[in-house]
Structure formats: C-alpha cells, structure tokens
Amino acid sequence: MTDIVNFNSDSFSHGQIVSKLWLCQQLEPFLHDVKNIAILGCWYDILGFMLKVRGYNFDITGYDIDSAAVVVSDRICDTWCLGGSIKHVVADVNEVDLDGFDLVINTSSEHMSSQWFDRIRSGAIVCVQSSDIDDPNWPWLVCSPSDSLKTFCNRYQLSQQLFVGSKSFDYGHLVYDRFMIIGVK
C-alpha cells in the first residue's frame with residue numbers, strides 16, 4: 001500500500017478492531033436469513049473483511065464518500081470473495097438506495113447526519129454504532145454526537161430491538177463509551 005496517499009492506520013487501532021469484533025459477535029445470532037449487507041461509511045471495510053473471514057456467504061456492499069478509502073477497501077477485501085461477493089462504492093450514504101439490503105450496518109454514524117436511516121426499508125435488520133466522543137475537529141470530525149446510550153437509541157427508532165449495549169474504552173489519554181443497537185426497522 002505504499003502508493004496509497006494518506007493511509008490512516010487508525011482503522012487497525014485497538015478500539016476500532018474491538019468494536020468491530022463486538023459487532024460481529026452480537027450480530028451473528030441474527031444473520032441466518034441475511035443475504036445482502038450494506039456497510040455505510042465503510043472506510044477501509046475492515047468490518048466487511050471480518051465478516052468474510054468468519055465464513056459467511058452473503059453479498060456485501062461497502063459505501064464510503066472517500067474514493068481513496070474505497071481503493072484501500074478493495075485491496076484489503078478482494079482476496080476474501082470465497083462465497084458471496086464484496087464490493088465497494090464511492091457514494092454519499094444519504095443518497096444510496098438501501099431497499100435491496102436485508103441488513104444495513106453503520107459504525108460511523110457519529111460522522112454523518114441521520115438521513116441514511118430514513119432510506120432503510122421496514123423489516124430490514126439494522127446495526128448502528130456510535131460513541132460519546134463529541135469533538136468536531138480533526139481527527140474525530142463528529143457531527144452527530146450522542147452523549148449517552150439513551151440519546152443514541154432515541155435517534156434510531158426501531159420496531160424491534162434485538163441488542164442494545166455499550167462498551168467502555170480507557171486508554172488513559174482517551175476515555176470513551178462505544179454504543180451499539182441491533183434491531184429491525
């Protein structure tokens with residue numbers, strides 16, 4: 001990846017990886033009927049990679065507004081098309097048609113408005129993560145902060161909640177809670 005400009009290794013940080021593993025573990029009981037997954041704000045699509053290496057045979061489409069991130073996503077995930085497919089699209093997730101997806105995942109919700117949520121069809125499974133970090137400056141760029149799990153859950157109204165939880169991270173210089181909700185829209 002030496003020709004990739006501005007590669008951000010934070011995508012492999014402890015907090016990023018632990019949050020995605022937590023998501024995989026909590027989501028797995030609800031994947032039995034899932035065929036098509038949208039990952040919104042996929043960045044380098046480490047989550048798509050994790051889902052594929054866990055042996056699931058579904059089609060994944062990762063969306064990110066950053067074309068350079070999509071190039072990295074393709075490089076990371078291209079080898080792992082053992083069953084189903086994985087592809088990456090440069091797009092604003094607030095304009096993506098989400099009707100054809102059984103599962104919509106957004107682990108970057110604090111970095112975007114909630115318009116994407118309105119585009120999810122009723123009956124689809126939804127998994128959303130956020131944190132209580134509220135820094136609008138680089139590198140956080142938070143524009144939709146949630147100061148608590150309750151605030152976060154109120155933002156994403158679901159017809160059925162399957163899992164709601166938080167995970168605390170304490171790195172000394174950085175302490176935060178990661179929130180997650182899984183449910184049916």
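Everything that follows concerns the structure shown earlier in this document.
Remember, predicted model here, so these are calculated numbers, not experimental data.

The rules behind the values
Residues numbered from 1 in each chain as written. Predicted model: local features only at pLDDT ≥ 70, side-chain atom pairs only at ≥ 80, totals over all residues. Heavy atoms only, no water. Helix = DSSP H or I, 4+ residues; strand = E, 2+ residues; numbered from the N terminus. Rg over C-alpha atoms; globule rule 2.2 N^0.38 Å. Buried < 20%, exposed > 50% of the residue type's maximum accessible area, 1.4 Å probe, protein only. Contact = heavy atoms within 4.5 Å. Areas by Shrake-Rupley, 256 points an atom, 1.4 Å probe, with all protein chains shown as cover. Phe/Tyr/Trp six-rings, centres within 6.5 Å; stacked < 30°, edge-to-face > 60°. Lys NZ or Arg CZ within 6 Å of the ring centre and 35° of its normal. Expected span 1.5 Å × (residues − 1). Pairing = 2+ DSSP bridges. Axes fitted to C-alpha atoms, helices over the stretch in contact; angles between N-to-C directions.

**Observations regarding the overall build of the protein chain**
Along the protein chain, the regular secondary structure elements total 5 helices and 7 strands. Taken from the N to the C terminus, the helices and strands of the protein chain come in the order α-β-α-β-α-β-β-α-β-α-β-β. Here the C-alpha radius of gyration of the protein chain, 15 Å, is about what a compact globule of 185 residues would show, namely 16 Å. Oriented by its inertia axes, the alpha-carbon framework of the protein chain measures out at about 40 × 40 × 30 Å. Out of the 185 residues belonging to the protein chain, those deemed buried represent 46%. Look at the contacts in the protein chain between residues 6 or more apart in sequence, and 65% of them connect residues 24 or more apart. Accessible area of the protein chain: about 9,000 Å², with a carbon and sulfur share of 49%.

**Thoughts on the packing of aromatic side chains**
This model, assessed by the stated rule, comprises 12 aromatic pairs. Seen in terms of ring centroids, Phe 169 and Tyr 171 are 6.2 Å apart; in terms of plane orientation they differ by 20 degrees. Their pairing is stacked. A relative accessible area of 30% places Tyr 171 in the partly exposed class. Through pairs of rings, three or more aromatic residues link up here, namely Trp 116, Phe 117, Phe 152, Tyr 156 and Phe 179. The ring centre of Phe 117 lies 4.5 Å from the NZ or CZ of Lys 185, which sits over that ring.

**Structural notes on the environment of Gly 165**
Inspection of the secondary structure puts Gly 165 in strand β6 (residues 160–170). Along the primary structure Gly 165 and Phe 179 are separated by 14 residues, whereas in three dimensions their C-alpha atoms are 6.0 Å apart. Residues within four places of Gly 165 in sequence aside, it is in contact with Trp 22, Leu 149, Arg 178, Phe 179 and Met 180.

**What about the environment of Asp 10?**
Along the chain, Asp 10 falls in the segment before α1 (14–27). Taking the C-alpha atoms as reference, Asp 10 lies 22 Å from Ala 91; in sequence the two are 81 residues apart. Not counting chain neighbours up to four residues away, the residues in contact with Asp 10 comprise Gln 16 and Trp 43.

**Regarding α1**
Over its 14 residues, α1 extends 20 Å from the first C-alpha to the last, a length consistent with the 20 Å expected when each residue adds 1.5 Å. Considered for burial, the residues of α1 that qualify are Gly 15, Ser 19, Lys 20, Trp 22, Leu 23, Cys 24 and Leu 27. Elements in contact with the buried residues of α1: α2 (46–53), β4 (103–106), β5 (125–131), β6 and β7 (175–184).

**Here we look at the environment of Leu 21**
Mapped onto the secondary structure, Leu 21 falls in helix α1. Between the C-alpha atom of Leu 21 and that of Leu 51, which follows or precedes it by 30 residues, the distance is 9.3 Å.

**Notes on the sheet that holds β4**
Pairing is mixed across the open sheet formed by 7 strands, whose spatial order is β3-β2-β1-β4-β5-β7-β6. The open sheet terminates on both sides in strands that have one partner only, identified here as β3 (86–90) and β6. Mean inter-strand twist for the sheet, computed between neighbouring axes without regard to direction, equals 15 degrees. Bridging between strand β2 (residues 59–64) and β3 involves 5 bridges; their strand directions are parallel. Considered in β3, the bridge of Asp 64 is made with Val 90. The strands touched by α1 are β4, β5, β6 and β7; relative to β6, the strand with the most contacts, the crossing angle is about 155 degrees. Running at roughly 150 degrees to strand β1 (residues 36–40), α2 makes contact with β1, β2, β3 and β4 of the sheet.

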